[in-house]
Amino acid sequence: MATHEVREQEKLSSVTSCTSQEQYTLSTPDSLSYASSDNLTEPDIPPPPMPPPDVILRRPTSRITDDCSSAAGVLLTATKQICSVLISDWWTDYSLAIGALELLASFARVKLLIVNIAMCKETVSQLCKFIGFLCSRPPQNQTRNLHSMILAALHCLSQWLLEHTLLQDKECLYTVLEVVELGISGKRSRQPNSQEVLMKGAKEHLPMSLKVKDAAEALLMCITDQVDSFPSPCGPESLYSTLSEKDLSEDFSNFKYFSLNNLTILAVLEQNKKSLQSAQELNTVKVVIRGPFGRQIWIVEPKSEQTGSSKPVKAARPKPAAPAAARPRIEQRWWPSSVDSIPLVKADKTLPRLGDLDDLDPKFASIINAKIESELKNGPSLAHSAPPAPSECEPPSPRNHSQSARVLLSQLGLLSSQSLQECQGMPPYLCRLDSGDAAFIESLKDLDQIANRTRDTVYVFYVKAGQNKVSDILDNTKSYKSLNSDFKDLLLSMGWPVNIHTHPGWTGATKSGAKASPYPSQEPDQIPSSRGPAAFDGTRWLLYWSDSRTEVAFIVPTEERNTYLSKLNQSQGNKTVTAAQASPETASSDRKSSGSGKESSRVSKGLQEVRTLVVWCERVEDQETVPLDDLLTSTNGPSDSGTPAEYMIIYVTALSSGLVRVHVTTHTERCGTPLPLIDGMVCLKRTLGVLIRQTAVNMAARKRLLNELSLIPHNRRVQKMQDIINKYRYECTESEFYEALFTT
């Protein structure tokens, strides 16, 4: 069985080598210009480089066929063959199916100047058919490996949708959404052999597994947010906004925080009336939305807001056709007129009139006289004054201030009675959060640290001829003078340089990315050329690459890096900052590994990542004398000890023919050897960086598929948000919620 697997992998990898041996030029597109949608969405910073395509194949003719005499023909033929046998034969072999899906995902990245749209649509259709075929397996065949194949197929499908504009076709879009529906609910609304449509409310949600459901949700978000929209205005280093509350207001108390459906945290900025310059900005609402897939900032302005003068403009009305009729004069009476016709009785005469009294008290008489004089003075003007003339109706003057949070929630339809009531033990759809707690802001910062993409780290070494000491190997990268000139090209082909102090993405450490300032430094900062490749040791600079699903940091370890990690670890309160165990899976599952005994040991072992090392050797025989254990130990952080349990080593040696030979060694459990690189492959120098990067990403992805404790990125954010909502939710009645909404 192992021999059969190796032969099949050699067949798959031969397609890659055949493609790379064709005499076509490799080029990368120029950097794109990023424009922000408005002045308050993103800072005006120099755009980061666009992630280059893996391979661009330039054909001398405009015709693409399945003829294997050209690289494009080989690509077309290989894609067809893999898709045809994936369902019929390879789905029963886990390693072979995963390798085929990895190769298909790599094919999606190959950029042809003339794209065969029909081939792309057929590939997407075959992938959807493959996913539906796996989901239709009987319950006795539902295994972990089967579900892992579904996850890999969903990832491969998203890669084809991101690299090619296919969703403009309604049939293709319908096919993909059917797969999304099948993954989320476990059943299609329309069965293949039936015209009956099962509505969403009548469907019982029984997904194959929670991981399959999460992967289908990630594919749906990829379709809505990233297809034809990647990279974002922030560049490939961040999928969503790099701004936060501190960029909108210096005081966090100006925000009101709410939770929606226990899955979203909403921060609404209440404007301060005294700090605004114009009346138009009074009703502007700025909202920070934290969801499962990232953080977004929206600015809402009501349409009724006037753009000109603060005084309302009178509406033009036609003049009346006839003069208005005179209003009749009405005599005001205290009692009805019928009272005067009622004859008086003796009881009415028991109280004498004031004028009939002769002996009045002087004080009482002076009060009566003053009242009589006042009524005689003002009485005629009040009694005989004409009623005011009818005036034109005018709109009321606009208010200069309104409760923006209440207005926004009301217009979104969230302030209903049903939204504030608990249902079957679940929290209300709309809840208010206690933002006055000092720990609440720190919890939000921890939430922003959780990535919405997978994160991997690759370590690069250079071994000179005859070296077998780790100290000598680490000192090799201090200068470019004594190194092979192709080594520098390899480094820059794997990623682009970034400054970790201004970089919002992955830097190989836990506390990175979200806390970095999105604004560039005032002084120009250049990479010190005197340090050589050692400049990319992760202390200030590193090499970075990302797409819509993965971030990779490439680090050249040095002795200075170990000192830097020790100081950083002490400043952060003895927290782990090692890149090998700084994976988001580890950070989100700390509470799971807090146990003791065998269970804690099992969880800790399951959370370990596969450490990937790239070793450039000047001679092939030096691969046998490389101090492997010492190199692995040099990648440890302050809290790590010993050699990592699982690792992959990629040895690279330049040949006199201008090609490079690759030797791949893996020490993993059940992960196998990832593609596209295989042991003993000879490839071109210009494609080496792409192949190494993709192999490292595929190895990490295989480990996550087999790790039952590993979570999809957006699921980790959901767990953290639910913890925040449950901890800081205001327990109040409906009347208390409305009272607080109006009074605060």
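Refer to the preceding data block for the structure.
Residues numbered from 1 in each chain as written. Predicted model: local features only at pLDDT ≥ 70, side-chain atom pairs only at ≥ 80, totals over all residues. Heavy atoms only, no water.

*Asks:* Help me understand empty space enclosed by the protein in this model?
*Replies:* Once rolled over the atoms, a probe with the size of a water molecule shows which space is left empty. Applying the stated rule across the entire model yields 4 cavities of 30 Å³ or more. Surrounding the largest cavity, 41 residues form its lining, Leu151, His155, Thr454, Arg549 and Ala701 being those nearest its centre. Contributing elements (two or more residues each) for the lining of the largest cavity: helix H3 (94-109), helix H5 (144-163), helix H7 (210-226), helix H18 (685-706) and helix H19 (713-728). (1 Å grid on protein atoms, 1.4 Å probe; cavity = no way out; pocket = protein on both sides within 12 Å on 5 of 7 lines; lining within 4 Å. Points joined across faces, edges and corners; volume = space filled by probe spheres on them. Helix = DSSP H or I, 4+ residues; strand = E, 2+ residues; numbered from the N terminus.)

*Asks:* So what exactly am I meant to see when it comes to the packing of aromatic side chains here?
*Replies:* The relation between two aromatic rings is expressed through the spacing of the ring centres and the mutual angle of the planes. Going through the model one piece at a time under the given rule, you end up with 9 aromatic pairs. Summarising the aromatic geometry, the rings of Trp91 and Phe133 are spaced 5.2 Å apart at their centres and angled 85° between planes, so their arrangement reads as edge-to-face. Here Phe133 lies in helix H4 (residues 117-135) and Trp91 lies in the loop between helix H2 (71-88) and H3, a separation of 42 residues in the sequence. Its relative accessible area of 18% is what places Trp91 among the buried residues. On the basis of relative accessible area, Phe133 is assigned to the partly exposed category, the value being 22%. The interplanar angle of 75° and the centroid separation of 6.1 Å between the aromatic rings of Phe737 and Tyr738 together place this pair among those described as edge-to-face. A residue is classified by how much of its surface remains accessible, and Tyr738, at 23% relative accessible area, is partly exposed. (Phe/Tyr/Trp six-rings, centres within 6.5 Å; stacked < 30°, edge-to-face > 60°. Buried < 20%, exposed > 50% of the residue type's maximum accessible area, 1.4 Å probe, protein only.)

*Asks:* What is the right way to look at the pattern of salt bridges in this model?
*Replies:* Side-chain pairing between opposite charges can occur once the charged atoms of the two side chains come close. One pass over the full model with this rule turns up 21 salt bridges. Note that Asp448 is salt-bridged to Arg290, the shortest N-O span being 3.1 Å. Of this pair, Asp448 sits in helix H11 (residues 438-449) while Arg290 sits in strand E5 (residues 285-291), and the two are 158 residues apart along the sequence. A relative accessible area of 2% places Arg290 in the buried class. The salt bridge involving Lys478 is made with Asp475; its shortest N-O contact spans 3.5 Å. Given the relative accessible area of 42%, Lys478 is considered partly exposed. (Salt bridge = Lys/Arg side-chain N within 4 Å of Asp/Glu carboxyl O.)

*Asks:* Just to check I follow, could you spell out the sheet that holds strand E13 (residues 647-654) for this structure?
*Replies:* What holds strands together in a sheet is hydrogen bonding between their backbones, with the strands either parallel or antiparallel. Taken together, the 8 strands give an open sheet; going across it, the order is E9-E10-E11-E8-E12-E13-E14-E15, and neighbouring strands pair in mixed fashion. Because the sheet does not close on itself, it has two edges, and the strands there are strand E9 (496-499) and strand E15 (682-683). In the sheet, strand E8 (residues 454-463) pairs with strand E11 (residues 550-555) via 6 bridges, with the strands oriented parallel. Along E11, the bridge assignment pairs Tyr459 with Ile555. (Pairing = 2+ DSSP bridges.)

*Asks:* When you look at the sheet that holds strand E4 (residues 264-269) in this model, what are you seeing that I'm missing?
*Replies:* Reading across from one edge, E6-E5-E4-E3-E7 is the order of the 5 strands in this open sheet, with antiparallel pairing throughout. Looking at strand neighbours, the two that pair on one side only are strand E6 (294-300) and strand E7 (430-432), the edges of this open sheet. Sheet twist, expressed as the average angle between the axes of neighbouring strands with direction ignored, equals 25°. For E5 and E6, the ladder comprises 7 bridges, and the chain directions are antiparallel. Its bridge partner being in E6, Gly291 is matched across the sheet by Gly294. H19 rests against strand E3 (255-260), E4, E5, E6 and E7 of the sheet, and its axis sits at about 60° to E4. (Axes fitted to C-alpha atoms, helices over the stretch in contact; angles between N-to-C directions. Contact = heavy atoms within 4.5 Å.)

*Asks:* Whenever I open this one, the nonpolar core confuses me. Can you help?
*Replies:* Generally speaking, soluble globular proteins have nonpolar side chains that are buried together. Formed by 104 residues in total, the largest nonpolar core has its most connected members in Val124, Trp160, Leu161, Leu688 and Ile692. Ranked by the residues each element gives to this core, the list is headed by H5, at 12 residues. Of all hydrophobic cores here, the second largest spans 18 residues; its members include Ala267, Ile441, Met721 and Tyr728. (Core = buried A, V, L, I, M, F, W, Y, C linked by side-chain atoms within 4.5 Å.)

*Asks:* I keep staring at unusual backbone geometry and nothing clicks. Help me out?
*Replies:* Among all residues except glycine, the phi angle is most often negative; among peptide bonds, the trans geometry is most common. The omega angle of the peptide bond from Phe230 to Pro231 is 0°, so this bond is cis rather than trans. Among the secondary structure elements, Pro231 is positioned in the loop between H7 and helix H8 (245-248). Residue Leu675 is joined to Pro676 through a cis peptide bond whose omega torsion reads 10°. Checked against the element boundaries, Pro676 lands in the loop between strand E14 (660-667) and E15. For Asn261, which is not a glycine, the phi torsion comes out positive at approximately 55°. Position of Asn261 among the secondary structure elements: in the loop between E3 and E4. Even without being a glycine, Asn262 presents a positive backbone phi close to 60°. With respect to the secondary-structure elements, Asn262 resides in the loop between E3 and E4.

*Asks:* What should I look at first to understand helix H6 (residues 170-185) in this one?
*Replies:* Side chains three or four residues apart in an α-helix point the same way, a direct result of the helix having 3.6 residues per turn. Look at H6: 22 Å from first C-alpha to last across 16 residues, which is about the 22 Å you get at 1.5 Å a residue. Those residues of H6 not exposed but buried are Cys172, Val176, Glu178, Val179, Val180, Leu182, Gly183, Ile184 and Ser185. On its buried face, H6 is in contact with H4, H5 and H7. Immediately downstream of H6, the backbone of Gly186 shows phi near 85°, a positive value. (Expected span 1.5 Å × (residues − 1).)

*Asks:* When you look at the pairing of E4 in this model, what are you seeing that I'm missing?
*Replies:* Moving residue by residue along a regular strand, the side chains alternate between the two faces of the sheet. Most of E4 sits inside the fold, with 6 of its 6 residues counted as buried. Neither face of E4 is exposed, since Thr264, Leu266 and Val268 on one face and Ile265, Ala267 and Leu269 on the opposite face are all buried. Two strands pair when backbone bridges link them, and E3 and E4 are joined in this way by 6 bridges, in the antiparallel orientation. Bridge pairing in E4 links Ser259 to Ile265.

Keep in mind these values describe shape, not function.
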